[in-house]
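# Inside the fold
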Amino acid sequence: MAEAKTVTVRQTGSPIRREKDQRATLVGLGLNRVGRVSTLRDNPSTRGMIRKVQHLLEIVE
């Protein structure tokens, strides 16, 4: 079987003074602190979550 693709993201912005749904999205991505890194499966639902909080994240190559 082919290996599942992954995407690695790093949190660069603080969730303070953000909407509740954006904070919940960060928690869903496994992030809750600036500088934290999370490796996730690359699928449409994960990409949608990343897009929702893209101003608080950077994608690590």
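To be clear, the structure that these remarks concern was listed above.
What counts and how
Residues numbered from 1 in each chain as written. Predicted model: local features only at pLDDT ≥ 70, side-chain atom pairs only at ≥ 80, totals over all residues. Heavy atoms only, no water. Helix = DSSP H or I, 4+ residues; strand = E, 2+ residues; numbered from the N terminus. Rg over C-alpha atoms; globule rule 2.2 N^0.38 Å. Buried < 20%, exposed > 50% of the residue type's maximum accessible area, 1.4 Å probe, protein only. Contact = heavy atoms within 4.5 Å.

Helix and strand counts for the protein stand at two helices and three strands. Starting at the N terminus, the α and β elements of the protein follow one another as β-α-β-α-β. Taken over C-alpha atoms, the radius of gyration comes to 11 Å for the protein, in line with the 10 Å a tight globule of 61 residues would show. In terms of overall dimensions, the protein has C-alpha extents of about 45 × 20 × 15 Å along its principal axes. For the protein, buried positions account for 28% of its 61 residues. Of all intrachain contacts in the protein linking residues separated by at least 6 positions in sequence, the fraction that spans at least 24 positions is 72%.

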